Amino acid sequence: MTARGTRRVRLADVGPTVFTRMSELAARHGAINLGQGFPDTPGPEHAVESAVAALRAGYHQYPPVPGLFELRRAVADHQRAQYGIDLDPATEVVVTTGASEALAAALLALTGPGDEVVVLEPYYDAYAACVALAGATLVPVRLTTPGFTLDPAVLRAAVTARTKVLLLNTPHNPTGTVLPPESLRQIAETARAHDLLVIADEVYEHLVFEGPPHQPVAALPGMAERTLTVGSAGKTFSFTGWKVGWATGPRELVEAVTAVKQYLSLGSGTPFQYAVVDALRLLPGHLAELRDSLRRRRDLLVTGLNAAGLIAHVPRGTYFVTADISPLGEPDGLAFCRSLPARCGVAAIPNQVFYADPQAGRHFVRFAFCKRRAVLEEAVARLATLRQTRPVPTLRTEGTNA
Ligand code: PMP
Ligand code: GLN
């Protein structure tokens, strides 16, 4: 593309995501990939059987743009059963190509030039990209360390007359923070006081290991009418490749998402949409086992990271551990993650890519624990050799985001 042409692209300076780059690096070195967050075991067998049955039954064509009605009803039933939130499946639920499309469509539909979008920092990389695509402005609210908690004064200070949307993520990627009821109350207060829309990315809603369970922002007083909630079967059922997600909330917000989504994917994954109906029906049995096993794997990784000389922040939710690498004498997470696969056969994600100012997150690195126990044990054994090795020169230095 010509230099002139490139300037027309809103994300001209953005290459492959950090997840893609680190996964490539892991593959090149045969390293254990604790970078990109995807489970290495399949989700529930009955859901796989349902997908196969849907394929055999001939469901090969486009789904309706807002998603199969059966799935919209199943999502509405889920929100009622889990959280007491009442939704009309015909108008208040839209199925999307993963949570990714729900977030992109929501930001494109609801924000534009002149609008500010407040996000919790560190933030999932797609937020900054989608806000840029919409032509809006990202305003980060940094979580306070240690503990990655939300300071309500920092949140209030970030809100201006231009703020249009609070884009929240709880349970939070990459820190594993689950916002406590008090923080949610403060967020709701701010949103109501400034008449803000809220996009609540709750894709890790079911991956909470202890303490108060996840509480949806939309369930707080005065929030249902201003909140679009985003969910994903990828996280809840360990089917990240199926790309079935959804957005729920007031009719006008769901219509706005649907209007944009019809020009993004139109619709996708008809057989998988059928299978997710079945997966949601059998959710409770699946969850007990998933949570318990993930909690044990979290503990294994946290212990291993600490033994290797890092300081692991114990996440209450998600399947990520953020660890401080400074005790190893490592000043820079990006250089550390670029060298890690060659150095000890493990891949991870530098948290600095989740900050507007990369200096801020330089000493944090994220490791995923949604891997089989034996894989994590091997990763921990390899990480234990870290203190005896020196960083090796990085193989690739180009690119802005990894
Ligand atoms: N939000 C967050 C916080 C995530 O970690 C992810 C992970 N991919 C997504 C959204 C996107 O979810 P999906 O895979 O369903 O598109
Ligand atoms: N959500 C996953 C993660 O944070 C996958 C991200 C991606 O591949 N873009 O690791």
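Every chain begins its residue count from 1, and numbering advances along the sequence as written. Following the order in which they are written, the chains are lettered starting with A and the ligands numbered starting with 1. For this predicted model, a pLDDT threshold of at least 70 governs which residues receive local features, and a threshold of 80 or more governs which side-chain atom pairs are given and counted, while totals over whole chains, interfaces and linings are taken from all residues. Only heavy atoms go into the side-chain values, all of them from the structure, while hydrogens and water stay out.

(A) Layout of the site of ligand 2. Here a residue is near a molecule or strand as soon as one of its heavy atoms is found within 4 Å of it. Taken together, the residues surrounding ligand 2 are Phe19, Gln36, Gly37, Tyr124, Asn173, Tyr204, Lys235, Phe320 and Arg366. The definition of a polar contact used here is a pair of N or O atoms within 3.5 Å, where within protein one atom must be able to donate a hydrogen and the other to accept one, and adjacent residues in sequence count solely through side-chain atom pairs. One nitrogen or oxygen atom from the main chain of Gly37 is found 2.7 Å from an oxygen atom belonging to ligand 2. Separating an oxygen atom of ligand 2 from a side-chain N or O atom of Arg366 is a distance of 2.6 Å. For ligand 2, whose unbound accessible area comes to 300 Å², protein coverage reaches 84%. Values of accessible area rely on a 1.4 Å probe in the Shrake-Rupley scheme; residue burial ignores everything except the protein chains shown.

(B) Geometry of the nonpolar core. In this description, a nonpolar core means a group of buried Ala, Val, Leu, Ile, Met, Phe, Trp, Tyr and Cys residues linked to one another through side-chain atoms lying within 4.5 Å. Burial classification: accessible surface area is computed with a 1.4 Å probe over protein chains only, and a residue below 20% of its type maximum counts as buried, one above 50% as exposed, and the rest as partly exposed. Ranked by size, the top nonpolar core spans 73 residues in total, and within it Leu167, Ile199, Leu305, Leu310, Leu340, Phe367 and Leu383 carry the most contacts. Element by element, the count of residues in this core is highest for helix H5 (residues 98-110), at eight residues. The contacts of Leu340, once residues within four sequence positions are left out, are Gly345, Val346, Ala348, Phe367, Leu383 and Leu386. Helix and strand assignments follow DSSP, with helices taken as H or I runs no shorter than four residues and strands as E runs no shorter than two, numbered in order from the N terminus. Residues count as neighbours in contact if any of their non-hydrogen atoms are within 4.5 Å of one another.

(C) Region of the structure containing the side chain of Asn173. Looking at the element boundaries, Asn173 is found in the loop between strand S5 (163-169) and helix H8 (181-193). Take Asn173: its relative accessible area is 4%, and that puts it in the buried class. Reaching out from Asn173, the side chain makes a polar contact with the side chain of Arg366 at a distance of 2.8 Å. With near-sequence residues (within four places) excluded, Asn173 lies in contact with Pro122, Tyr124, Tyr204, Thr318, Phe320 and Arg366.

(D) Broad picture of the site of ligand 1. Taken together, the neighbourhood of ligand 1 is formed by 14 residues, with Ser100, Asp201, Tyr204, Lys235 and Lys243 sitting nearest. In this structure, Tyr124 approaches ligand 1 through a side-chain N or O atom, which is 3.2 Å from a nitrogen atom. Protein chains bury 93% of the 390 Å² of accessible surface belonging to ligand 1 in isolation. If you tally residues by element for the shell around ligand 1, the top one is H5, at four residues. Partitioning the shell around ligand 1 into residue classes produces six nonpolar, five polar and three charged. Residues were grouped as follows: Ala, Val, Leu, Ile, Met, Phe, Trp, Tyr, Cys and Pro as nonpolar; Asp, Glu, Lys and Arg as charged; and all remaining residues, including Gly, as polar.

(E) Structural detail: the environment of Val52. Relative to the elements of secondary structure, Val52 occurs in helix H3 (residues 45-56). Given the relative accessible area of 35%, Val52 is considered partly exposed. The spacing of Val52 and Phe272 is 220 residues in sequence and 8.9 Å in space, taken between C-alpha atoms.

(F) Spatial organisation of the sheet that holds strand S9 (residues 311-313). The pairing criterion is simple: DSSP has to find at least two bridges between the two strands. If you walk across this open sheet you meet the four strands as S9-S10-S13-S12, and the pairing is antiparallel. The open sheet has two free edges, formed respectively by S9 and strand S12 (349-350), since each of these has just one partner strand. As judged from the five bridges shared by strand S10 (residues 320-324) and strand S13 (residues 364-368), these two strands associate in the antiparallel manner. What sits directly across from Phe320, in S13, is Ala368.

(G) Looking closely at helix H10 (residues 251-264). Multiplying 1.5 Å by the residue count of a helix minus one yields the expected span of that helix. With 14 residues, H10 ought to run about 20 Å at 1.5 Å a step, and its terminal C-alpha atoms sit 20 Å apart, in line with that. On its buried face, H10 sits against strand S2 (93-97), H5, strand S6 (197-201), strand S7 (227-232) and strand S8 (244-248). Positive phi shows up at Leu266, right after H10, with a value of about 70°.

(H) Just the packing of H3 against helix H11 (residues 270-281), in detail. Interaxial distance between H3 and H11 falls to 8 Å at its minimum, and their mutual angle equals 145°. Like other packed secondary-structure pairs, H3 and H11 cross with a definite hand, here right-handed. Note on element contacts: H11 touches H3 through Pro271, Phe272, Tyr274, Ala275, Asp278 and Ala279, opposite His46, Ala47, Ser50, Ala51, Ala54 and Leu55. Tallied by class, the residues present in the contact of H3 with H11 amount to nine nonpolar, two polar and one charged. Every axis in this analysis is a line fitted to C-alpha atoms, fitted for helices over the stretch in contact. Angles between the N-to-C directions lie between 0 and 180 degrees. What makes a crossing left-handed is the near helix being turned counterclockwise from the far one by less than a right angle; a clockwise turn instead makes it right-handed.

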